[in-house]
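Chain by chain, the residues run as shown.
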Amino acid sequence: MLIKTSTYPLGPANKLSDDTTVQRLLSNGRFIDAYRGELIEGDEYYVPYKKGSVNLIQYMEDNRLSVYYEYDVDNIVIRARILQDGAYELFDTSQGGAGVHKGWLTEALLYLRDQKDNA
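Cut-offs used in this document
Residues numbered from 1 in each chain as written. Predicted model: local features only at pLDDT ≥ 70, side-chain atom pairs only at ≥ 80, totals over all residues. Heavy atoms only, no water. Pairing = 2+ DSSP bridges. Helix = DSSP H or I, 4+ residues; strand = E, 2+ residues; numbered from the N terminus. Buried < 20%, exposed > 50% of the residue type's maximum accessible area, 1.4 Å probe, protein only. pLDDT = per-residue confidence, 0-100. Axes fitted to C-alpha atoms, helices over the stretch in contact; angles between N-to-C directions. Phe/Tyr/Trp six-rings, centres within 6.5 Å; stacked < 30°, edge-to-face > 60°.

Summarising the sheet, strand 2 (residues 21-25) and strand 3 (residues 31-35) pair through five bridges and their orientation is antiparallel. Paired with T21 across the bridge in strand 3 is Y35. Where strand 2 folds back on strand 3, the antiparallel hairpin that results is connected by five residues, among which G29 adopts a positive phi of roughly 90 degrees. Pairing geometry for strand 2 and strand 4 (residues 44-46), over two bridges, is antiparallel. Paired with Q23 across the strands is Y46, a residue of strand 4.

In this structure, Q23 sits in strand 2. Accessibility expressed as a relative area gives 5% for Q23, which makes it buried.

Moving on, we come to the confidence of the model for the protein. Model confidence for the protein is summarised by a mean pLDDT of 84, while 88% of its residues fall at 70 or above. Here helix 2 (residues 104-118) is the element of the protein with the lowest mean pLDDT, 79, and strand 5 (residues 65-71) is the one with the highest, 94.

Take the sheet that holds strand 5 next. Sheet strands associate in pairs through backbone hydrogen bonding, adopting either a parallel or an antiparallel arrangement. Pairing is antiparallel in the open sheet, where three strands are placed in the order 5-6-7. What marks the edges here is a single partner per strand, and that holds for strand 5 and strand 7 (88-92). When the angles between neighbouring strand axes are averaged without regard to direction, this sheet yields 30 degrees. Here strand 5 pairs with strand 6 (residues 77-84) via seven bridges, running antiparallel. Its bridge partner being in strand 6, Y71 is matched across the sheet by V77.

As a further point, take the packing of aromatic side chains. Within the structure shown, the criterion is met by five aromatic pairs. An angle of 40 degrees between the planes, with centres 6.4 Å apart, marks the rings of Y69 and Y71 as tilted. Consider the rings of Y69 and W104, whose centres lie 6.1 Å apart with planes at 85 degrees: the pair is edge-to-face. One end of the pair, Y69, is in strand 5; the other, W104, is in helix 2, and 35 residues separate them in sequence. The class of Y69 is partly exposed, set by a relative accessible area of 37%. Its relative accessible area of 6% is what places W104 among the buried residues. Three or more aromatic residues joined by ring pairs form one cluster here, namely Y69, Y71, F91 and W104.

What follows is the structure, encoded as structure tokens:
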């Protein structure tokens, strides 16, 4: 899965106030919250939707999305996927190296919503 990022100072960050939360890309491929004012030249980032203004459950219902988990023999989640209509794969945690971590579902749904709006 590819996320459309920008490299600071280019991209939408120039239109945001310094206290706006963005997602900065770390060297391990994961994103962390950062304030726009903390970005330095060369940082890769993207601007997610504000979590408080997004009804993710409604988004899942409207787009007929479902979440499927795969477990190892110790009942630990090793993979998760988001499917549309139970068949069309939109997101897979085994792609891109991020894996299943706390907050992955919110990140994935915000990403999918962002990609749909930018299409």
